[in-house]
Amino acid sequence: MKIFLDSSDIQEIKPLNKSNLIDGVTTNPSLLAKQSGNFKTILKAIASEVKGPISAEVTATKFDKMIIEANILRKIAKNIIIKIPLTDDGLLACNYLAKKKIKTNVTLCFSPSQAILAAKAGATYVSPFMGRLDDIGESGIELIRNIKTIYQNYNFKTQILAASIRSAEHVTEVAKIGADVVTLPPKIFKQLIKHELTDQGLEMFLSDWKKSGKQIS
Ligand code: E4P
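Worth saying up front: this structure is predicted, and the values here are computed from it rather than measured. (Residues numbered from 1 in each chain as written. Predicted model: local features only at pLDDT ≥ 70, side-chain atom pairs only at ≥ 80, totals over all residues. Heavy atoms only, no water.)

Enquirer: I would appreciate a short explanation of helix 11 (residues 196-212) in the present structure.
Expert: The end-to-end C-alpha distance of helix 11, which contains 17 residues, comes to 25 Å, matching closely the 24 Å that a straight helix rising 1.5 Å per residue would cover. Looking one or two residues past helix 11, G213 carries a phi angle of roughly 75°, positive in sign. (Helix = DSSP H or I, 4+ residues; strand = E, 2+ residues; numbered from the N terminus. Expected span 1.5 Å × (residues − 1).)

Enquirer: What should I look at first to understand a positive patch on the surface in this one?
Expert: Together, K40, K44, R74 and K75 give the surface a local cluster of positive charge. By secondary structure assignment, the location of R74 is in helix 4 (residues 63-74). (Patch = residues over 30% accessible without salt bridge, like charges linked within 9 Å, V, L, I, M, F, W, Y side chains within 5 Å. Areas by Shrake-Rupley, 256 points an atom, 1.4 Å probe, with all protein chains shown as cover. Salt bridge = Lys/Arg side-chain N within 4 Å of Asp/Glu carboxyl O. Lys, Arg positive; Asp, Glu negative; His and termini not counted. Charge placed at Lys NZ, Arg CZ, Asp CG, Glu CD.)

Enquirer: Looking at this structure, how should I read unusual backbone geometry?
Expert: Glycine aside, residues mostly have negative phi angles, and peptide bonds mostly take the trans form. Even without glycine at this site, L108 takes up a positive phi of about 65°. Here L108 shows up in strand 5 (residues 104-109). Positioned with a positive phi, S164 is a non-glycine residue whose angle comes to about 55°. Looking at the element boundaries, S164 is found in the loop between strand 7 (159-162) and helix 9 (168-177). For S164, a relative accessible area of 10% corresponds to the buried category. (Buried < 20%, exposed > 50% of the residue type's maximum accessible area, 1.4 Å probe, protein only.)

Enquirer: Where do I start with the sheet that holds strand 7 in this structure?
Expert: Pairing is parallel around the closed barrel formed by eight strands, whose spatial order is 1-2-3-4-5-6-7-8. With direction set aside, neighbouring strand axes in the sheet form an average angle of 30°. With four bridges joining them, strand 4 (residues 80-85) and strand 5 adopt parallel strand pairing. Each residue of the ladder has a partner; that of K83, found in strand 5, is N105. Along the sheet, helix 6 (residues 112-120) makes contact with strand 5 and strand 6 (125-128), crossing strand 5 at roughly 165°. (Pairing = 2+ DSSP bridges. Axes fitted to C-alpha atoms, helices over the stretch in contact; angles between N-to-C directions. Contact = heavy atoms within 4.5 Å.)

Shown next as structure tokens:
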């Protein structure tokens with residue numbers, strides 16, 4: 001399973017990328033809007049820090065303008081891929097870009113039927129939003145499970161990028177289902193590393209070792 005960071009903050013991305021565990025980044029207009037400075041400069045910095053795919057989202061809602069924006073975004077860096085909302089025009093734009101072999105991430109997916117259309121439109125990735133579904137009393141995990149089953153039934157090539165992740169449990173569950181990618185807010189990435197028994201165990205090992213007076217040398 002690939003791990004992307006869901007962030008537009010280079011200061012937050014840089015230290016986590018040192019782990020060599022980050023395979024890409026997803027940004028969105030809300031995340032980018034929080035950052036001060038020119039969006040192109042921000043995306044360029046992220047794309048040069050993380051070598052994998054960096055999702056940059058169009059903000060136009062009509063096909064023609066989406067394509068114009070996609071071409072602007074693509075020029076920022078070679079590893080920028082185009083994030084497009086799952087709308088009529090978005091699917092048209094996805095299909096157009098797919099025919100030109102331009103990678104896309106179809107975002108704001110909330111149902112298996114939407115995911116079918118994203119795959120048929122040639123999306124490289126589809127982003128089902130788990131947390132936002134959970135928020136309205138539905139199950140993000142079930143959504144990922146259903147999309148996985150459908151994609152396997154038809155051998156669709158679109159990769160499932162589990163998004164809107166709210167907990168380490170979300171990550172475990174989508175990994176069990178076989179999502180291709182999970183995109184994590186930095187806070188959740190850090191949570192994956194932590195376990196209180198790891199901390200307690202280490203403290204005990206080190207204290208026992210110190211008391212013994214032995215040394216590794
Ligand atoms: C994914 O690409 C989105 O940027 C993101 O996962 C949205 O998550 P949120 O529901 O926490 O805003």
